[in-house]
Amino acid sequence: MSFPTEIPESAPGVYRFRAEAEQAGPVVFTAPSDVVGGGFGLFEDAAVPGRWGAIPHYHQGFSESFWVISGRLAVMSGEKWQVLEHGDFAHVPVNGVHGFHAVGDEMARFLILFVPGAPREEYFRGLVELFARGASTEEIDAFALTCDQVNLRDWRHDPIPT
């Protein structure tokens with residue numbers, strides 16, 4: 001196999017420094033879709049034990065993957081939960097029902113990868129505003145629908161691990 005002798009034209013790479021990234025609540029927009037050409041979106045998130053990180057839901061336009069930085073994160077796919085720790089990974093396909101919940105004694109920090117890149121910034125910014133003003137669950141779920149997230153508050157699943 002031979003390689004081309006001429007280097008094709010290309011845009012320069014992109015560097016993002018965490019200190020300069022936008023943040024909405026605990027979510028840091030590490031590599032939003034519009035910054036990396038639309039192929040993916042990469043965010044850093046955090047979840048406090050004892051509270052839902054995300055209730056059961058699904059997305060029709062993108063898959064979602066999780067990689068744990070620290071703490072313990074229970075991730076549900078379908079009805080089954082798995083507890084992930086530092087370095088563990090989970091992938092949920094398009095239309096896959098999933099949710100997550102920190103377990104243990106410390107906050108869970110993790111990366112979320114959206115493929116293809118979805119404009120999730122609007123969703124996380126909107127949640128911060130809705131929670132700040134005490135919006136109803138109906139209002140939150142209606143807003144989620146506008147961001148390709150179908151919340152399933154009555155979804156049956158195995159008990160959340162501790």
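Residues numbered from 1 in each chain as written. Predicted model: local features only at pLDDT ≥ 70, side-chain atom pairs only at ≥ 80, totals over all residues. Heavy atoms only, no water.

Turning next to the packing of aromatic side chains. The tally for this structure, following the rule as stated, stands at 10 aromatic pairs. Summarising the aromatic geometry, the rings of Trp-52 and Trp-81 are spaced 5.8 Å apart at their centres and angled 45 degrees between planes, so their arrangement reads as tilted. Here Trp-52 is found in strand 4 (residues 52-58), whereas its partner Trp-81 is found in strand 7 (residues 80-84), with 29 residues between them in sequence. With a relative accessible area of 36%, Trp-52 lands in the partly exposed category. On the accessibility criterion, Trp-81 (7% relative accessible area) is buried. The interplanar angle of 5 degrees and the centroid separation of 6.1 Å between the aromatic rings of Tyr-123 and Phe-143 together place this pair among those described as stacked. (Phe/Tyr/Trp six-rings, centres within 6.5 Å; stacked < 30°, edge-to-face > 60°. Helix = DSSP H or I, 4+ residues; strand = E, 2+ residues; numbered from the N terminus. Buried < 20%, exposed > 50% of the residue type's maximum accessible area, 1.4 Å probe, protein only.)

This next bit is on the pairing of strand 5 (residues 63-70). Pairing of strand 5 with strand 10 (residues 108-115) involves 7 bridges; the strand directions are antiparallel. Residue pairing in the sheet places Trp-67 in a bridge with Leu-111 of strand 10. Note: strand 5 against strand 8 (residues 89-92), 4 bridges, orientation antiparallel. Counted as the bridge partner of Ser-65 is His-91 from strand 8. (Pairing = 2+ DSSP bridges.)

It is worth spelling out the nonpolar core at this point. If you look at the biggest cluster of nonpolar residues, it comprises 30 residues, and the most contacted ones within it are Phe-66, Leu-73, Val-75, Phe-100, Phe-110, Tyr-123 and Phe-124. Within the second largest apolar cluster, 8 residues are counted, among which are Tyr-58, Ala-74, Val-150 and Leu-152. (Core = buried A, V, L, I, M, F, W, Y, C linked by side-chain atoms within 4.5 Å.)

This part takes up the side chain of His-57. Here His-57 lies in strand 4. At 3.2 Å, the side chain of His-57 forms a polar contact with the side chain of His-59. Those residues in contact with His-57 that sit more than four places away from it in its chain are Glu-64, Gly-96, Val-97, His-98, Gln-149, Val-150, Asn-151 and Leu-152. (Polar contact = N/O pair within 3.5 Å; in protein donor to acceptor, adjacent residues only side chain to side chain. Contact = heavy atoms within 4.5 Å.)

Looking now at the sheet that holds strand 8. With antiparallel pairing, 6 strands are arranged side by side in an open sheet as 1-2-3-10-5-8. One side of each edge strand has no neighbouring strand; the edge strands of this open sheet are strand 1 (23-24) and strand 8.

A few words now on the layout of surface pockets. Looking at the largest pocket, its volume works out to about 680 Å³. Taken together, 28 residues make up the lining of the largest pocket; nearest its centre are Trp-52, Gly-53, Ala-54, Leu-127 and Phe-131. When contributions to the lining of the largest pocket are tallied by element, the ones reaching two or more residues are strand 3 (41-47), strand 4, helix 1 (120-132) and helix 2 (137-145). Among the elements that take part in the lining of the largest pocket, helix 1 stands out by supplying 6 residues, more than any other. Its residues assigned to classes, the lining of the largest pocket comprises 17 nonpolar, 6 polar and 5 charged. (1 Å grid on protein atoms, 1.4 Å probe; cavity = no way out; pocket = protein on both sides within 12 Å on 5 of 7 lines; lining within 4 Å. Points joined across faces, edges and corners; volume = space filled by probe spheres on them. Nonpolar A, V, L, I, M, F, W, Y, C, P; charged D, E, K, R; others polar.)

Of the positions making up helix 2, those classed as buried are Ile-140, Asp-141, Phe-143 and Ala-144. Along the long axis of helix 2, the arc covered by the buried residues comes to 160 degrees, so they all point the same way. For helix 2, the exposed residues set more than 90 degrees away from the buried face come down to Glu-138 and Leu-145. On the buried face of helix 2, the contacting elements are helix 1 and strand 11 (150-151). (Arc of directions from axis to C-beta.)

In short, shape yes, function no, at least from these values alone.
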